[in-house]
Amino acid sequence: MLHVEGVTPEADMPLRDDADRRTVTRADLAATWVSLNPGPEMVELIAIGSPHASAPECRALAAALAGRKVAIATMITAGRAIIAELRRDGTLDALEASGVQIIPDMCWCSITEPVFPPEARTVMTNSGKYAHYGPGLSGRALRFGSLADCVAAAFSGHAPKALPDWLA
């Protein structure tokens, strides 16, 4: 179990004396970010949700797209209950109008061709899990970044070159 102080609600609970503890430094985070970004700058697919995107994440994506059409394949994996919620509040229509494909009840770690676009050689994701496992599972290069980075790449086809400002 991972508890992050200031993030995980249970992080302030007393731990057992023999519990493992580790302080993660900015240098540790920067090294991890670099290790999750071995792929080229040019990307052909945006992959959101691993295992599944949340409703707030999907709403944030729809808001960031602001009705504009994506330039490259952009796909979200989400559970059926989340998809139904997004359908009710109009988010699903907004995402689809922007060219985003929604895949129900699947994790990126189990998506293969032909659902996975065969022409996509490099994938951009906001999922640390998929950035880590994706190269071995998909045979594609991966790039990792924030949801905002993924949105920018959905329009430009390019992942950011540098560390994010908060790590630089």
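Refer to the structure printed above.
Here is a short report on the structure shown in this document. What you see is a predicted model, and the numbers here were worked out from it, not measured in a lab. (Residues numbered from 1 in each chain as written. Predicted model: local features only at pLDDT ≥ 70, side-chain atom pairs only at ≥ 80, totals over all residues. Heavy atoms only, no water.)

**Remarks on the pairing of strand β5 (residues 141-144)**
Along any regular strand the residues' side chains alternate between the sheet's two faces.
Stage number 1. In terms of strand pairing, strand β4 (residues 122-125) meets β5 through four bridges, oriented parallel. Each residue of the ladder has a partner; that of T122, found in β5, is A141.
Stage number 2. Note that the unit made of β4, helix α5 (residues 128-138) and β5 has a crossover that is right-handed. (Pairing = 2+ DSSP bridges. Helix = DSSP H or I, 4+ residues; strand = E, 2+ residues; numbered from the N terminus. Right-handed = clockwise from strand over helix to strand, strands pointing away.)

**Some points on a nonpolar patch on the surface**
Stage number 1. Residues V24, L29 and W166 make up a contiguous nonpolar surface patch of about 310 Å² in total accessible area.
Stage number 2. Tracing the sequence through the fold places L29 in helix α1 (residues 26-35).
Stage number 3. Judged by relative accessible area, which is 37%, L29 ranks as partly exposed. (Patch = residues over 30% accessible without salt bridge, like charges linked within 9 Å, V, L, I, M, F, W, Y side chains within 5 Å. Areas by Shrake-Rupley, 256 points an atom, 1.4 Å probe, with all protein chains shown as cover. Salt bridge = Lys/Arg side-chain N within 4 Å of Asp/Glu carboxyl O. Buried < 20%, exposed > 50% of the residue type's maximum accessible area, 1.4 Å probe, protein only.)

**Observations concerning the pattern of salt bridges**
Close approach of charged atoms allows side chains of opposite charge to pair.
Stage number 1. For the structure shown, the criterion picks out seven salt bridges.
Stage number 2. A salt bridge links E85 to R59; the nearest nitrogen and oxygen atoms lie 2.6 Å apart. Here the residue E85 occupies a position in helix α3 (residues 80-89), and R59 occupies one in helix α2 (residues 55-65), the gap between them amounting to 26 residues.
Stage number 3. For E85, a relative accessible area of 29% puts it in the partly exposed group.
Stage number 4. Taking the shortest distance from any N to any O, the salt bridge between R140 and E113 comes out at 2.7 Å. Here R140 is found in the loop between α5 and β5, whereas its partner E113 is found in the loop between β3 (100-104) and β4, with 27 residues between them in sequence.

**Focus on the packing of α2 against helix α6 (residues 147-156)**
Stage number 1. At a minimum axis separation of 10 Å, α2 and α6 run at an interaxial angle of 45 degrees. The angle between α2 and α6 places the two elements in the oblique class. When you trace α2 past α6, the crossing you get is right-handed. In contact with E57, A60, L61, A64 and L65 of α2, α6 contributes L147, V151 and F155.
Stage number 2. The residue inventory of the contact of α2 with α6, partitioned by class, reads seven nonpolar, no polar and one charged. (Axes fitted to C-alpha atoms, helices over the stretch in contact; angles between N-to-C directions. Parallel < 35°, antiparallel > 145°, perpendicular 65-115°, else oblique. Left-handed = near helix turned anticlockwise from the far one by under 90°. Contact = heavy atoms within 4.5 Å. Nonpolar A, V, L, I, M, F, W, Y, C, P; charged D, E, K, R; others polar.)

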